[in-house]
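Residue-level structure breakdown
Read off the chains here:
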Amino acid sequence: MEVDPLNKIKYLLFVMLFVVMLSACGSKELTINFVTGTSEQIETITVKSGKKLTNLPTPQTREGYTFDGWFLDREFKTKYTNQALKKDTTLYAKWVIKTFKVTFKDGDQVLKTETVEYGKSAQPPTVTPKEGYTFYGWDKNFDNVKSDLVVNAVWNVKKLLVTFITEDNWVIAYVEVEYGKDATPPTPPTRDGYEFDHWEGDYTNVTSDVTIKAVYKKLTYEVRFFVDGVQVGETQLVKYGEAAQAPANPTKEGYTFVGWDKEFSNVTGNLNINAVWEPIKFTVKFVDEDDTVLLEVEVEYGKDATPPTPPTKEGFQFDRWDGNYTNVKSNITVKAVYKVATFEVKFFANGVQVGETQIIEYGKDAVAPQAPTLPEKNSHIGIKNLLT
């Protein structure tokens, strides 16, 4: 079959045109645009059609994200992996948000571990109540996570109130103490006649509010009774404000017991109590022979009376008191006793005593000696009366 020359020409022209077009297409420059997804602008580049892109630019870092490459579509379905390009192309930077590990702990116990995207918030677990503590919160902010975090539970120990009071319910002190700790008690107030004994209640290992009462006991004192320096009965231990028991009333010859020298019905201290005596007094009468009272005196038991000056009587001289007025132990009457007055009578002749001295009672006669012979002169008798 013979080919039409005209068609042959047309065919040759078509082939030539196709070759020219292919040649023209192989040398066409393509425009490549970059969309970073950030404020960064990357300059457009040109490449020959059919060429692969090498040394693609890397966008600046984006906080919280990791660059995952360039994609040929906005939906990031097709990643550019050195494919030959035949048309103008826009490449889209794909960013993958960073994720971080957030671990919630209570002491050594891990309560929860969660993966959280950059800038997002973690969701804390529910904590189990802890005896003696109040949950305060978490030690770190996890609302805007930008790194791996270990978040610890923070507990506040409970504060409890220990109230120390007196026996009549007056407050001595309020003491705040942490749960499980011991309170330090205050100094108990002093009370007259009492000494502090103990605190009523437990203020150690405190786990709740508690009231502690001060307990006192009465002071005891030693009470002794003495009679003339000698203790009578046992030493008594008597509580403050109470009474001691006195022994039986003592007796003592010549004395009346009048009581004790100290009050002991309300004892407030140690006591030595002594018997008080009042000596018995007796009447001593000094009388004359005719029972005329010369002196009447009171004399304490065992003491001596002082006699009066005895009266004078003509022809008589005081001899003694009839009765003992020393160491008086009863009422007595003491009578003055007299004796007849006596005188010495002496006879003299010419200055020479004649005969013995005579003791002559009042009103009686002396006996004259025999008259002496007088040689030359008259003799005389001398009489000397002396009160003996």
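Counting of residues starts from 1 at the beginning of each chain's written sequence and follows it residue by residue. Only residues with pLDDT of at least 70 are given local features in this predicted model, and only at 80 or more are side-chain atom pairs given and counted; all residues enter the totals for whole chains, interfaces and linings. Note that the side-chain values use all heavy atoms of the structure and ignore hydrogens as well as water.

Helices and strands together make up the secondary structure of the chain, namely 1 helix and 22 strands. Three labels apply to residues, based on accessible area from a 1.4 Å probe with only protein chains included: buried if under 20% of the type maximum, exposed if over 50%, partly exposed otherwise in between. When burial is assessed residue by residue, the chain has 28% of its 388 residues classed as buried. Residues are treated as being in contact if the distance between any of their heavy atoms lies within 4.5 Å. For the chain, contacts bridging at least 24 residues in sequence account for 41% of all contacts bridging at least 6. Just so you have it, the chain exposes about 26,200 Å², and 49% of that area is on carbon and sulfur atoms. Going along the chain from the N terminus, every DSSP run of H or I of four or more residues is numbered as a helix, and every run of E of two or more is numbered as a strand. Throughout, the Shrake-Rupley method with a 1.4 Å probe supplies accessible areas, and for residues the shown protein chains are the sole cover considered.

Attention shifts here to the pattern of salt bridges. Think of a salt bridge as a Lys or Arg side-chain nitrogen and an Asp or Glu carboxyl oxygen that are within 4 Å of each other. In the structure shown here, the tally under the stated rule is 23 salt bridges. Close ionic contact of Lys130 with Asp106 constitutes a salt bridge, the shortest N to O distance being 3.5 Å. Residue Lys130 is located in the loop between strand E6 (109-117) and strand E7 (133-138), and its partner Asp106 is located in strand E5 (residues 99-106); the two are separated by 24 residues in the primary sequence. In this structure Lys130 comes out as partly exposed when scored by relative accessible area, which is 32%. On the accessibility criterion, Asp106 (16% relative accessible area) is buried. A salt bridge links Glu289 to Lys313, with the shortest nitrogen-to-oxygen separation between them at 3.3 Å. With Glu289 in the loop between strand E17 (281-287) and strand E18 (293-300) and Lys313 in the loop between E18 and strand E19 (316-322), this pair connects stretches of sequence that are 24 residues apart. For Glu289, a relative accessible area of 39% corresponds to the partly exposed category.

Only when DSSP finds a minimum of two bridges between them are two strands counted as paired. If you trace the 4 strands from one edge of the open sheet to the other, you get E10-E9-E12-E11, paired in mixed fashion. Single-partner strands in this sheet number two, and they are strand E10 (171-178) and strand E11 (194-200). In this sheet, neighbouring strand axes are inclined to one another by 25° on average, regardless of whether the strands run parallel or antiparallel. Two elements, strand E9 (residues 159-165) and strand E12 (residues 210-218), share 4 bridges in a ladder whose sense is parallel. Within E12, the residue paired with Val162 across the bridge is Val210. For helices, the axis comes from a line fit to the C-alpha atoms of the stretch in contact; other axes are also lines fit to C-alpha atoms, and the angle between any two N-to-C directions lies between 0 and 180 degrees.

Bringing a nonpolar patch on the surface into the picture now. A cluster of nonpolar side chains, Leu161, Val171 and Tyr174, forms an exposed patch at the surface whose accessible area comes to about 290 Å². Along the chain, Leu161 turns up in strand E9. Note on Leu161: relative accessible area 35%, which makes it partly exposed. Only residues above 30% relative accessible area that lack a salt bridge enter a patch, with like-charged residues linked at up to 9 Å and the nonpolar side chains Val, Leu, Ile, Met, Phe, Trp and Tyr linked at up to 5 Å.

Stacked, edge-to-face and tilted labels apply to pairs of Phe, Tyr and Trp rings (six-membered ring for Trp) whose centres lie within 6.5 Å, assigned for plane angles under 30 degrees, over 60, and everything in between, in that order. Following the criterion strictly, the structure yields 25 aromatic pairs and no others. Look at Phe286 and Tyr325: their rings are 5.4 Å apart centre to centre, the planes differ by 65°, and that puts the pair in the edge-to-face class. Remark: Tyr325 occurs in the loop between E19 and strand E20 (332-340) and Phe286 occurs in strand E17; sequence separation between them is 39 residues. Each member of the pair, Phe286 as well as Tyr325, is classed as buried. In this structure, Arg191 is placed above the aromatic ring of Tyr194, and the distance from its NZ or CZ to the ring centre is 4.1 Å. Charge-over-ring contacts are defined here by two conditions on Lys NZ or Arg CZ: a distance within 6 Å of the ring centre and an angle within 35 degrees of the ring normal. Residue placement shows Arg191 over the ring face of Tyr216; its charged tip is 5.3 Å from the ring centre.

Turning to the side chain of Thr89, a few remarks are in order. By the element assignment, Thr89 lies in strand E4 (residues 89-97). Judged by its relative accessible area of 10%, Thr89 is buried. Between N or O atoms, a polar contact is any pair within 3.5 Å; within protein, one atom must be a potential hydrogen donor and the other a potential acceptor, and residues adjacent in sequence are included only when both atoms are from side chains. One polar contact links the side chain of Thr89 to the main-chain carbonyl oxygen of Lys87, over a distance of 2.9 Å.

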